Amino acid sequence: MTDWDPHDYARFGDLRLRPALDLLARIGPVPDGPVVDLGCGSGSVAGALAARFAGRLIGVDASPAMLDEARATGAYAALINEDAGLWRPDLPPALIFSNAALQWLGDHAMLMPRLAGYLTPGGVLAVQMPRQTRAPSHRFLRDIAAAMFPDRFDFSGWRAPVEAAETYVRMLEPLGQVEAWQTDYVQRLAADPAAKPGIYPGAHPVRRFTESTAMRPFLERLTNRETKRYLAAYDEALAVAYPALPDGSVLMPFRRVFFILTMPEA
């Protein structure tokens, strides 16, 4: 994919930050050693992480644009431009913290134990991932793309990238102590500020939320003309699934999966 746009991603920064803070609040003491923000993006969680782990925070991300934003926070001792799926630490981390990043990587049955294997004794792997792919907001992306452009989109072998919380418990409990949970956040999304009632309806608020993340792989395979058709169909479907409230906002339930693995002491 093309590089991420930090400003588009930050449009709903408060809603994207809350799960990260919820995850951080559940992490207990960790041993000495580096703390890795894996898939750190623009550094939205850097301030909260640095407040707890000052001087030992390392950010890892594949996006140069996002890393430029992360660097501006001043919270990281080091920043590494690398794909999270290929990254290997120089020193065993005390904590690998990953917020809304690992859903982009496949084969979690291999990935998560591999990350856990990098940890120092007593170290912690703490992960949050969206599990929204079967909800209308994300399902419509696939369904409409496959219906309109079957030459480029075939989801016959598709499977959800993120498993249920209990799957991660079964996957990781042979390695250490695991806590896992799932939360549905009911997000209130404001009406598109570009909308003009009675003249121009603007984009559906859910489209505004997905266009900087889940929608990106779809739009990158479409021409400008195809994109307009695709977005019009997506907006129409969203209007039924997420009807507007009197002020133009909508309620969007959003499911996220969390787990914390604590490795045994030496």
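Coordinates for the structure precede this section.
Asks: Any chance you could break down the overall build of the protein for me, citing the residues and the numbers?
Replies: Helices and strands together make up the secondary structure of the protein, namely ten helices and seven strands. Taking 266 residues into account, the globule formula puts the C-alpha radius of gyration at 18 Å, and the protein, at 19 Å, falls close to it. Taken along its principal axes, the extent of the C-alpha atoms in the protein is 65 × 40 × 35 Å. Sorting the 266 residues of the protein into buried and exposed places 48% on the buried side. Summarising the internal contacts of the protein: among those between residues at least 6 apart in sequence, 75% fall at separations of at least 24. Of the roughly 12,900 Å² of accessible surface on the protein, a fraction of 54% belongs to carbon and sulfur atoms. The averaged location of the 30 negative side-chain charges in the protein is 5 Å from the averaged location of its 27 positive side-chain charges.

Asks: Now, about the packing of aromatic side chains: what can you tell me, with residues and values included?
Replies: If you walk through the whole model with that rule in mind, you get eight aromatic pairs. Taking 5.7 Å as the distance between ring centres and 90° as the angle between the ring planes, the aromatic pair formed by W87 and Y118 counts as edge-to-face. Here the residue W87 occupies a position in the loop between β3 (78–81) and β4 (95–99), and Y118 occupies one in the loop between α5 (108–117) and β5 (124–130), the gap between them amounting to 31 residues. What links up through ring pairs into an aromatic cluster is the set F153, F155, F218 and Y230. Its guanidinium or amino end placed over the ring of F209, R16 lies 4.2 Å from that ring's centre, counting from NZ or CZ.

Cut-offs and rules
Residues numbered from 1 in each chain as written. Predicted model: local features only at pLDDT ≥ 70, side-chain atom pairs only at ≥ 80, totals over all residues. Heavy atoms only, no water. Helix = DSSP H or I, 4+ residues; strand = E, 2+ residues; numbered from the N terminus. Rg over C-alpha atoms; globule rule 2.2 N^0.38 Å. Buried < 20%, exposed > 50% of the residue type's maximum accessible area, 1.4 Å probe, protein only. Contact = heavy atoms within 4.5 Å. Areas by Shrake-Rupley, 256 points an atom, 1.4 Å probe, with all protein chains shown as cover. Lys, Arg positive; Asp, Glu negative; His and termini not counted. Charge placed at Lys NZ, Arg CZ, Asp CG, Glu CD. Phe/Tyr/Trp six-rings, centres within 6.5 Å; stacked < 30°, edge-to-face > 60°. Lys NZ or Arg CZ within 6 Å of the ring centre and 35° of its normal.

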